[in-house]
Amino acid sequence: MTAPSLPPRASWQPLLERALAEDLGSGDATSAAVLAAQARAAAVLEAREALVVCGLPLAQAAFEAVEPALRCEPARGEGDRVAPGTPLLRVEGPTRGVLAAERTALNFVARLAGIATLTRRFVEAVAGTGVEILDTRKTLPGWRVLDKYAVATGGGRNHRFGLYDAILIKDNHIAAAGGVGAAVKAARATAAGHLALQVEVESEAQAAEAIEAGARLLLLDNQSPAQLRRLADRFRTEAVLEASGGITLANVREVAETGVHRISIGALTHSAPSVDVALELRDG
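Quick look at the structure, then. Keep in mind that this is a model prediction, so the values were computed, not measured. In this convention, every chain numbers its residues from 1, walking through the sequence in written order. Residue-level local features of this predicted model are given only where pLDDT is at least 70; pairs of side-chain atoms are given and counted only at 80 or more, and the full residue set underlies all totals for whole chains, interfaces and linings. Only hydrogens and water are removed before side-chain values are computed, so all heavy atoms of the structure are retained for them.

1. Quick look at the overall build of the protein
Labels follow the DSSP assignment, with helices taken as runs of H or I lasting at least four residues and strands as runs of E lasting at least two, numbered in each case from the N terminus. Helix and strand content of the protein: 11 helices and 12 strands. Principal axes of the C-alpha set define a box for the protein whose edges measure 75 × 35 × 25 Å. Burial statistics for the protein: of 284 residues in total, 48% are counted as buried. Contact criterion: two residues are considered in contact whenever any of their non-hydrogen atoms come within 4.5 Å of each other. Counting only contacts in the protein whose residues sit at least 6 apart along the sequence, the fraction spanning at least 24 positions is 72%. Total accessible area computed for the protein in this model is approximately 13,200 Å², and 50% of it derives from carbon and sulfur atoms. Counted as positive: Lys and Arg. Counted as negative: Asp and Glu. His and the chain ends are not counted at all. In this description, the location of a charge corresponds to atom NZ of lysine, CZ of arginine, CG of aspartate or CD of glutamate. Positive and negative side-chain charges of the protein, numbering 30 and 33 respectively, have mean locations separated by a distance of 3 Å. Partly exposed residues are those whose accessible area sits between 20% and 50% of the maximum for their type, while under 20% is buried and over 50% is exposed, using a 1.4 Å probe and protein chains only. Accessible surface area values rest on a Shrake-Rupley calculation with a 1.4 Å probe, where residue burial reflects the displayed protein chains alone.

Below, the structure is given as structure tokens:
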């Protein structure tokens, strides 16, 4: 899979700076006490388990921010699948700098590669069905641009980034607006034309009402496979159908085979386990 472009540096630089600041504080007391200022080292950031690589540019930025004299060389590319023991990033230079940035660099890679790895597992689970795997807004506050980058690196597709770049009419909007049709008509009448419009429906009647009002993207939340199949049989040629809610690796294939077009999964970003990565000093 082709890895996506790294988000603009301005979108994640403040996060990196805060991460370094909270870890370093007034300085690395241990290294200052134990290591000579002129000491140099070579180190390798490596995978300790099978994973999909993601976050190496952030790790490199962390090392270089702490110590500009450090030289970093990626050993693998973003989106690569690697085995345990695979070198991911080589670092060389002042030992104090290597160790001062170590934890922050590992934290970024562990989280982002964890998301990419879990996403790849879901993508492969639905291979051959034509169904897309999407993320949601259930991201770690402040990390959204990176969390979604990791999903894309794993082969998933990004849903809307926030409340500003698409319209998604959910159950509370429907209740407040007085019904599915009323909510869709209001949105079509007042919203900017470039915004995609999606509406959550809970039944065939609501789906028909939404489509009649002009909706062409339907969110089918917490529906059983049998319910999804009935909705897909009736509406899949009239609207793009997105299943969501309760999706796991154990059932995602069954959901994909109901006839929906895409599946959104909050767990990609809110429940992905961090992968095991480590930094080891080498002779040098």
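2. Some remarks on the sheet that holds strand β8 (residues 197-201)
A sheet is described by the order of its strands in space; here six strands give the open sequence β6-β11-β10-β9-β8-β7, paired in parallel fashion. Looking along the sheet, the strands with just one partner apiece sit at the ends: β6 (132-134) and β7 (167-169). If you compare each strand with its neighbour and ignore which way they point, the axes differ by 25° on average. Axis angles are defined between N-to-C directions and span 0 to 180 degrees, where every axis is a line fitted to C-alpha atoms and, for a helix, only to the segment in contact. Along the sheet face, helix α9 (residues 225-235) touches β9 (217-221) and β10 (240-244) and points at about 170° away from the line of β10. Paired strands, in this sense, are two strands between which DSSP finds at least two bridges.

3. Thoughts on the packing of aromatic side chains
Between rings of Phe, Tyr and Trp, where Trp is taken as its six-membered ring, a pair exists when centres lie within 6.5 Å; planes separated by under 30 degrees are stacked, by over 60 edge-to-face, and by other angles tilted. Counting across every chain of the model gives one aromatic pair. Two limits define a charge over a ring: the Lys NZ or Arg CZ must be within 6 Å of the ring centre, and within 35 degrees of the ring normal. Between R111 and the ring centre of W143, over which it is positioned, the NZ or CZ distance is 5.6 Å. Lying across the ring of F161, K148 places its NZ or CZ 5.2 Å from the centre.

4. Observations concerning the sheet that holds strand β1 (residues 40-47)
On the basis of which strands lie adjacent, the open sheet formed by four strands has the order β3-β5-β1-β12 and antiparallel pairing. Of all strands in the sheet, those with a lone pairing partner are β3 (71-74) and β12 (277-282), marking the two edges. This sheet shows a mean twist of 20° between the axes of neighbouring strands, independent of strand direction. Pairing of β1 with β12, which is carried by six bridges, proceeds in the antiparallel orientation. When the bridges of β12 are listed, V44 appears paired with E280. Relative to β12, helix α4 (residues 95-125) is tilted by about 160°, and along the sheet it contacts β1, β5 (87-94) and β12.

5. Regarding the pattern of salt bridges
Here, a salt bridge means any Lys or Arg side-chain nitrogen found within 4 Å of an Asp or Glu carboxyl oxygen. Taken as a whole and assessed by the stated rule, the structure comprises 12 salt bridges. R48 serves as the salt-bridge partner of E46, at 3.4 Å between the closest nitrogen and oxygen. Overall, R48 belongs to the partly exposed group, its relative accessible area being 38%. E124 is paired through a salt bridge with R81; the nearest N and O atoms lie 2.1 Å apart. With E124 in helix α4 and R81 in strand β4 (residues 81-82), this pair connects stretches of sequence that are 43 residues apart.

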